[in-house]
Amino acid sequence: MTTLTTPRISELQLREAGAALAFEAARFAGNGWMRGTAGNLSLVLDRDPLRLAVTASGLDKSELTERDVVLVDADGKSADVEDPRRPSAESGLHAHIAARTGAQAIFHVHALDAVIAGQLWPEGVEIRDLEMLKGIGHPAHDTTVRIPVIANDQDMTVEAARFDAVYVEATPEVPEVPAIIVAGHGMYAWGATVEAARHHLEITEWLLRYEVGIRAATR
Ligand SMILES: CSC[C@@H](O)[C@@H](O)C(=O)COP(=O)(O)O
Ligand SMILES: [Zn+2]
């Protein structure tokens, strides 16, 4: 059995996280958002110190099993000395989003509409007057919600800094926007539970699909 460097996290916890993430990945792959090896998913298992289960790198995301996760630390580095597998190349940004937002689940997919939206609106995608906005915690009317866009980089410390430059924390009046687009790459969404992160991902993708579609239809 693997000896985890964080004794509070058991092999069973890691497997359960792996099973939950494999289930979500199969669903998202079915939507065409995780083609081939694209995308990665994570779940926070401990806060102090921060530990996440993140999908292992380079795997076909449509056929993950409960074993296909790696335990990582706050820098996105493997926290399991005995696990030879590489965690997702984007683990560092997952860990940063978990730390910065307090989210428990962070999902990254290569949804095509997110990439097109990031190209069309590099300053952020402004959305208003759609009922589906309520699905990411915002009013359907009389307010404009901006999905932030950051540039792509292979260095996750660069991406983390770009995240901080656009992320707006919730206030008592205005909730956070639980999603971000990475230009030329894909999108991230997060939430307090696996289900909340999934809902935020699916609803944001719908909103982006609408914006891209209405733009094409009215040109
Ligand atoms: C077509 S895979 C592109 C990868 O570089 C990356 O962006 C990605 O989403 C998957 O990386 P991974 O390291 O497997 O988690
Ligand atoms: Zn990616």
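Values in this document were obtained by computation on a predicted structure and should not be read as measured data.

What's the story with the packing of helix α3 (residues 112-120) against helix α5 (residues 194-217) in this structure? I'm lost.
A packed helix pair is summarised by two numbers, namely the angle formed by the two axes and the spacing between the axes. At a minimum axis distance of 9 Å, the contact between α3 and α5 shows a crossing angle of 55°. Here α3 is positioned oblique relative to α5, judged by the angle of their axes. Note on packing geometry: the crossing formed by α3 with α5 is left-handed. Each of Asp 113, Ala 114, Ile 116, Ala 117 and Leu 120 in α3 lies in contact with α5, whose residues at this interface are Glu 205, Leu 208, Arg 209, Glu 211, Val 212 and Arg 215. Residues belonging to the contact of α3 with α5 are distributed by class as follows: six nonpolar, no polar and five charged.

Just to check I follow, could you spell out the site of ligand 1 for this structure?
Lining the immediate surroundings of ligand 1 are Gly 36, Thr 37, Ala 38, Gly 39, Asn 40, Thr 55, Ser 57, Gly 58, Ser 88, Ala 89 and Glu 90. A breakdown of the residues in the shell around ligand 1 according to their chemical character gives two nonpolar, eight polar and one charged.

Just checking my understanding: could you explain the UniProt feature "domain: Class II aldolase/adducin N-terminal" (unreviewed entry) in the protein for this structure?
With numbering matched to this structure, UniProt assigns "domain: Class II aldolase/adducin N-terminal" (unreviewed entry) to residues 19-212. Between the C-alpha atoms that bound residues 19-212 the distance is 34 Å, and the span itself is 32% helix and 21% strand.

Which parts of the structure should I look at to understand the sheet that holds strand β8 (residues 179-182)?
Each strand in a sheet pairs with another by means of backbone hydrogen bonds, the pair being arranged parallel or else antiparallel. Read across the open sheet, the seven strands follow the order β3-β2-β1-β4-β9-β8-β7; overall the sheet is mixed. Edge positions in the open sheet fall to β3 (69-72) and β7 (149-150), since each of these has one partner strand only.

Got a minute to help me understand the pairing of strand β1 (residues 40-47) in this structure?
In the case of a regular strand, side chains alternate between the two sheet surfaces. Across the eight residues that make up β1, a large majority, six, are buried. Here β1 hands over to strand β2 (residues 50-55) after two residues, the two strands then running antiparallel side by side.

Teacher, can you tell me more about the nonpolar core here?
Across soluble globular proteins, you tend to see nonpolar side chains buried next to one another. With 62 residues, the main nonpolar core has Ala 53 and Met 187 as its most contacted residues. Counting residues per element, this core draws most heavily on helix α1 (residues 11-30), at seven residues. Look past the residues within four positions of Met 187 in its chain and what remains in contact with it is Val 109, Ala 111, Ala 114, Ala 179, Ile 180, Ile 181, Val 182 and Thr 204.

Analysis parameters
Residues numbered from 1 in each chain as written. Chains lettered and ligands numbered in written order. Predicted model: local features only at pLDDT ≥ 70, side-chain atom pairs only at ≥ 80, totals over all residues. Axes fitted to C-alpha atoms, helices over the stretch in contact; angles between N-to-C directions. Helix = DSSP H or I, 4+ residues; strand = E, 2+ residues; numbered from the N terminus. Parallel < 35°, antiparallel > 145°, perpendicular 65-115°, else oblique. Left-handed = near helix turned anticlockwise from the far one by under 90°. Contact = placed C-beta atoms within 7 Å. Nonpolar A, V, L, I, M, F, W, Y, C, P; charged D, E, K, R; others polar. Near = placed C-beta within 6 Å. UniProt positions renumbered as here; feature names shortened; annotations may be inferred. Pairing = 2+ DSSP bridges. Buried ≥ 20, exposed ≤ 12 C-beta atoms within 10 Å, placed from the backbone. Core = buried A, V, L, I, M, F, W, Y, C linked by C-beta atoms within 7 Å.

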